[in-house]
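Here are the chains, one letter per residue:
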Amino acid sequence: MVEFRIDKASGLPAYLQLARQVREALRLGWLKPGDRLPTVRDVVATSGVNANTVLKAYRELERAGLLEARQGSGTFVKATLGSVDPEVMDRLRAKLVDWVDEARAAGLENEDIDALVGSVLTEGERIEVP
Amino acid sequence: MTAVVETAGIAVRGLGKGYRSSVALRDCTFDLPAGRVAALVGANGAGKTTLLTVLSGLLRPDAGEFTLRPGERVAFVAQEKPVYKHLTPRVVLQLAARLNLVWDQARAQAWLERFDIPLDRRCGQLSGGQRTQVALAVAIGSRPTLLLLDEPLADLDPLARTEVMRDLLSEVADSGATVVMSTHIVTELSGVVDHLLLLAHGTLLADGDLDELLAAHVMVVGPRAQESPVRGEVLWDKHLDGQSLFLVRTPTTPVVSAPWVVRPVSLEDYVLALLSATRKGDVA
């Protein structure tokens, strides 16, 4: 069972926050293929999220091929999100540790590091405007 | 996005209402699909109560018209949460059972029990929050298909607000009712409402699907500057000593170069920006 939470101050739309939380649960193995997701009604009753918002999140995940709605029986996990090879994870982490050391040595605080990482991540998501 | 087929709930066309010395509502036109949960937001005196009262059928508009779904059952909870002071909640429900053609006693009573409202104490001796719950119980018991709520959360503490919204959303998820709710508590609406109606000085400033409205805008933040580095209509701007902020309407996420950044717009950003722009009176 996933417990959904909405960060109301976030600029990220609520349905995308829900979709992200399902993706996280898949990545962390809390949800596995074949698992049944809480019904829209249950999510509304437990999390106080609007039914249309929950539906929109589920539809988004269905389109992404992660969930499937079965007529009359609910919404189920269809696919899992490929977990990364532990060795690759270790290697990436080690590189990141070196990088953070270097950043600290250069006088960056955690906030500066956050801002820098954030700017590089959003750079990858840029949409070109004609 | 696949289009979800939505049926019309409320269709409002050119609605206007004036009082002796002022205009409360001016040329309001919008569509609200059935099953939506809409927040009606605006400064005091913006016309929110007038709009709700007109939609409830209790007040005749001076201009324009509106249509509801055929057979719509409307419940309206006014801002004052009017319940008879000398009656107990139990008797208020008995009265409501006789006054409404459709009545679900179990639902109404369950609502009061869930919120620990004393059934046999006179309403005059209940707190403002408890009277709100009695008024909401009557509204829920009448099994509305359109629920109009004027400041339903104003007398409630933060915990009760969360619980009331959660339970209201559950009720409407079951019944498929459309909700229009006026409120000042904009910071608590994300994920709770899916539609926005924004009023200022009797005029509708914005309306539509909440996600779509917010996605069509960005907040551009950077060093102090006269003009936004992003093309598009600037709805609001603010200039501090070393920083400028622009709220820009733009269909796609724009590219800006450092030191400028683009941030998504929260509901609070959006509402405050639009309302403060009208207050200054300098909207183009």
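Residues numbered from 1 in each chain as written. Chains lettered and ligands numbered in written order. Predicted model: local features only at pLDDT ≥ 70, side-chain atom pairs only at ≥ 80, totals over all residues. Heavy atoms only, no water.

- If you look chain B up in an unreviewed UniProt entry, it shows as ABC-2 type transport system ATP-binding protein from Umezawaea tangerina.

- You'll find chain A entered in an unreviewed UniProt entry as GntR family transcriptional regulator, with Umezawaea tangerina given as the organism.

1. Some remarks on the nonpolar core
Residue and element names in this part refer to chain B.
Link 1 in the chain: In this structure, Leu 196, Leu 247 and Tyr 270 are the most contacted members of the largest nonpolar core, which totals 86 residues.
Link 2 in the chain: In this structure, Tyr 270 is in contact with Leu 196, Ala 206, Leu 213, Leu 214, His 217, Leu 247 and Val 265, ignoring residues within four places of it in sequence.
Link 3 in the chain: With 20 residues, the next largest nonpolar core counts Leu 15, Ala 38, Leu 51 and Leu 55 among its residues. (Core = buried A, V, L, I, M, F, W, Y, C linked by side-chain atoms within 4.5 Å. Buried < 20%, exposed > 50% of the residue type's maximum accessible area, 1.4 Å probe, protein only. Contact = heavy atoms within 4.5 Å.)

2. A few points about the domain arrangement of chain B
All names here are of chain B.
Link 1 in the chain: When cut into domains, chain B gives domain 1 (8-209) and domain 2 (216-280).
Link 2 in the chain: Relative placement of domain 1 and domain 2: their C-alpha centres are 33 Å apart.
Link 3 in the chain: Domain 1 puts 13 residues into the contact, and the matching count from domain 2 is 8 residues.
Link 4 in the chain: Taking both partners together, domain 1 and domain 2 bury about 830 Å²; carbon and sulfur atoms supply 86% of that area.
Link 5 in the chain: Together, Val 186, Leu 198 and Leu 205 form the three largest contributors to the area buried by domain 1 at its contact with domain 2, with a combined 41%. (Domains from an automatic or database assignment. Buried area = accessible area lost by both parts, 1.4 Å probe.)

3. Let's talk about the layout of surface pockets
Residues and elements named next belong to chain B.
Link 1 in the chain: Roughly 480 Å³ of internal volume is contained in the second largest pocket.
Link 2 in the chain: Lining the second largest pocket are 17 residues, with Phe 76, Pro 82, Ala 135, Val 138 and Ala 139 positioned closest to its centre.
Link 3 in the chain: In terms of residue class, the lining of the second largest pocket is made up of 15 nonpolar, 2 polar and no charged. (1 Å grid on protein atoms, 1.4 Å probe; cavity = no way out; pocket = protein on both sides within 12 Å on 5 of 7 lines; lining within 4 Å. Points joined across faces, edges and corners; volume = space filled by probe spheres on them. Nonpolar A, V, L, I, M, F, W, Y, C, P; charged D, E, K, R; others polar.)

4. Let's talk about the side chain of Ser 190 of chain B
Link 1 in the chain: Within the secondary structure layout, Ser 190 of chain B lies in the loop between strand 7 (178-182) and strand 8 (195-200).
Link 2 in the chain: Its relative accessible area of 12% is what places Ser 190 of chain B among the buried residues.
Link 3 in the chain: When residues no more than four places from it in sequence are discounted, the contact partners of Ser 190 of chain B are Ile 6, Lys 8 and Ala 14 of chain A. (Helix = DSSP H or I, 4+ residues; strand = E, 2+ residues; numbered from the N terminus.)

5. Description of the UniProt feature "domain: HTH gntR-type" (unreviewed entry) in chain A
Link 1 in the chain: Summarizing the sequence annotation, UniProt attributes the feature "domain: HTH gntR-type" (unreviewed entry) to residues 12-80 of chain A in the numbering used throughout.
Link 2 in the chain: The span residues 12-80 of chain A shows a helical share of 51% and a strand share of 12%, and its end C-alpha atoms are spaced 24 Å apart. (UniProt positions renumbered as here; feature names shortened; annotations may be inferred.)

6. Some thoughts on the UniProt feature "domain: ABC transporter" (unreviewed entry) in chain B
Link 1 in the chain: The residues that UniProt annotates with the feature "domain: ABC transporter" (unreviewed entry) are residues 10-226 of chain B.
Link 2 in the chain: With 31% helix and 30% strand, residues 10-226 of chain B has its two end C-alpha atoms placed 42 Å apart.

7. Quick notes on unusual backbone geometry
Residue and element names in this part refer to chain B.
Link 1 in the chain: Despite not being glycine, Asp 27 has its phi angle at roughly 45°, a positive value.
Link 2 in the chain: In this structure Asp 27 comes out as exposed when scored by relative accessible area, which is 58%.
Link 3 in the chain: Despite not being glycine, Asp 116 shows a phi value in the positive range, around 55°.
Link 4 in the chain: Mapped onto the elements of the fold, Asp 116 is located in the loop between helix 3 (105-114) and helix 4 (128-141).
Link 5 in the chain: Relative accessible area serves as the criterion here: at 64%, Asp 116 is assigned to the exposed category.

8. As for helix 5 (residues 158-175) of chain B
Link 1 in the chain: Taking 1.5 Å of rise per residue, the 18 residues of helix 5 of chain B would be expected to cover 26 Å, and the 26 Å separating its terminal C-alpha atoms lies within 8% of that figure.
Link 2 in the chain: Along helix 5 of chain B, the residues that are buried comprise Ala 160, Arg 161, Val 164, Met 165, Asp 167, Leu 168, Leu 169, Ser 170, Glu 171 and Val 172 of chain B.
Link 3 in the chain: Against helix 2 (40-47) of chain A together with strand 3 (37-42), helix 3, helix 4, strand 6 (146-150) and strand 7 of chain B lie the buried residues of helix 5 of chain B.
Link 4 in the chain: Structurally, the start of helix 5 of chain B carries an N-cap: the backbone nitrogen of Leu 159 of chain B is 3.0 Å from a side-chain oxygen of Asp 157 of chain B.
Link 5 in the chain: Two residues or fewer past helix 5 of chain B, Gly 176 of chain B is found with a positive phi of approximately 75°. (Expected span 1.5 Å × (residues − 1). Polar contact = N/O pair within 3.5 Å; in protein donor to acceptor, adjacent residues only side chain to side chain.)

9. Some thoughts on the sheet that holds strand 10 (residues 217-223) of chain B
All names here are of chain B.
Link 1 in the chain: Pairing is antiparallel in the open sheet, where 4 strands are placed in the order 11-12-10-13. The sheet is open, and its two edges are formed by strand 11 (233-239) and strand 13 (261-264), each paired on a single side. This sheet shows a mean twist of 25° between the axes of neighbouring strands, independent of strand direction. (Pairing = 2+ DSSP bridges. Axes fitted to C-alpha atoms, helices over the stretch in contact; angles between N-to-C directions.)

10. Some points on empty space enclosed by the protein
All names here are of chain B.
Link 1 in the chain: By the definition in use, this model includes 2 cavities of 30 Å³ or more.
Link 2 in the chain: Space inside the largest cavity adds up to approximately 70 Å³.
Link 3 in the chain: In terms of lining, the largest cavity is formed by Ile 140, Arg 143, Pro 144, Leu 147, Glu 171, Val 172, Ser 175 and Ala 177.
Link 4 in the chain: Per-class residue counts for the lining of the largest cavity are 5 nonpolar, 1 polar and 2 charged.
Link 5 in the chain: For the second largest cavity, the calculated volume is near 30 Å³.
Link 6 in the chain: Counting only elements with at least two residues in the lining of the second largest cavity, the list comes to helix 5 and strand 7.
Link 7 in the chain: Here the lining of the second largest cavity is built from residues that sort into 7 nonpolar, no polar and no charged.

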